[in-house]
Amino acid sequence: MTPRFRDLLALEPLSADELTFLLDQSKPFQEIQRHPLKKLAVLRGKTIALAFLKIPRARASVSALRLRVWARTR
Amino acid sequence: MRHHASGAPNYVARHLDIPVINAGDGTHEHPSQGLLDALTIRDRKGTIRNLNVTILGDIQHSRVARSNIHLLGKFGCRFTLCGPSMWVPRELEKIAPGTQIRCVYRIEEALEDTDVVIMLRVQTERLNEPSLSPNDYILGYQLSAERLRRAKPDAIVLHPGPMNRGIEITPDVADGPQSCVLEQVTNGVAVRMAILYLLITGAAEDGSHPALEQPVPHNRRATDKVPAKKDS
């Protein structure tokens, strides 16, 4: 049975099998790092928000991003 | 999502119906760093089972150390945590029940017979007179080639970067044959690609990666449309 993950919030609750699965799934992506062109189309059309909430001013821009993520995924 | 408060991504995940990835929260966890370190160790040592792992530095404030312990501990690794006593409180020995963890305060003892040394970045702003000066830290805890000789001959050294060369690690160890820092960088990209792929598209039932067979044939953003240029 292939493990399913909705989020990745911590490693503590994951089992050894789930952790091994994540490591094994990273292998083909290691191969990509050796290609001249290290890009893949797997996330084409998706919107990813990178939220680095270390500076106070980032908050407003993140809430704008959040709206965009919701709009794209619903 | 990276946040200074431990547990902030859990809060966000409860309120959003999209996948949330913790990119480091306070002193709690840094899952992708834990995974990329494990991948690096597995590639170099052939296994992550039953290794002696030494973690050096400010363990108390380190989410990286916690993710390393929670991952590698499930594979029977034994941990030695080492650093100045205020950074390595004894309570850390109990953070992962079932995992053997000991705190020691002499680096020579911590390195004895170890397979893997995981360095942590020293926040230089935490090195202050008079309690702990940079010079005290170097004298007591800097990883040098001479000290590393106490570890197993095939021991490896990891560091999440960026390294303070000359503070927590000497340049000859940082760039030496036992150092894995360059693999850590490329493995970091691979692990994060895999996490995004798995959480957003989901893995195929048979574990295959059909999408990986087709690299993007052009060197621009992998979006469907190129945004129109604004008039300047």
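See the structure shown above.
What counts and how
Residues numbered from 1 in each chain as written. Chains lettered and ligands numbered in written order. Predicted model: local features only at pLDDT ≥ 70, side-chain atom pairs only at ≥ 80, totals over all residues. Helix = DSSP H or I, 4+ residues; strand = E, 2+ residues; numbered from the N terminus. Buried ≥ 20, exposed ≤ 12 C-beta atoms within 10 Å, placed from the backbone. Pairing = 2+ DSSP bridges. Axes fitted to C-alpha atoms, helices over the stretch in contact; angles between N-to-C directions. Contact = placed C-beta atoms within 7 Å.

(A) Quick look at the environment of Gly176 of chain B. All names here are of chain B. Turning to its location among the elements, Gly176 is positioned in the loop between helix 7 (171-174) and helix 8 (181-200). When the 13 C-beta atoms within 10 Å are taken as the criterion, Gly176 is described as partly exposed. C-alpha of Gly176 to C-alpha of Ile156: the two residues are 20 residues apart in sequence and 9.9 Å apart in space.

(B) Highlighting the sheet that holds strand 3 (residues 78-82) of chain B. Residue and element names in this part refer to chain B. One open sheet accounts for five strands, arranged 4-3-2-5-6; its pairing is parallel. Every other strand in the sheet has two partners, leaving strand 4 (101-104) and strand 6 (156-158) as the edge strands with one partner each. Direction aside, the axes of adjacent strands within the sheet are offset by 20° on average. Across four bridges, strand 2 (residues 52-56) lies against strand 5 (residues 116-119) in parallel orientation. If you follow Val53 over to strand 5, its bridge partner there is Val116. Against the sheet, helix 3 (residues 63-72) makes contact with strand 2, strand 3, strand 4 and strand 5, and its axis sits at roughly 170° relative to strand 2, the strand it touches most.

(C) Expanded view of unusual backbone geometry. All names here are of chain B. Geometrically, the link from Gly161 to Pro162 is a cis peptide bond, its omega value of -10° lying close to zero. Considering the arrangement of structural elements, one finds Pro162 in the loop between strand 6 and helix 7. Positioned with a positive phi, Asn50 is a non-glycine residue whose angle comes to about 55°. With respect to the helices and strands, the residue Asn50 is situated in the loop between helix 2 (31-45) and strand 2. Its 11 C-beta neighbours within 10 Å are what place Asn50 among the exposed residues. Residues other than glycine seldom take positive phi values, yet Asp113 does so here, at roughly 65°. The residue Asp113 is located in the loop between helix 4 (107-111) and strand 5 in this model. Asp113 gets classed as exposed once you count the C-beta atoms within 10 Å, which come to 11.

Function-wise, these values are silent; they only describe arrangement.
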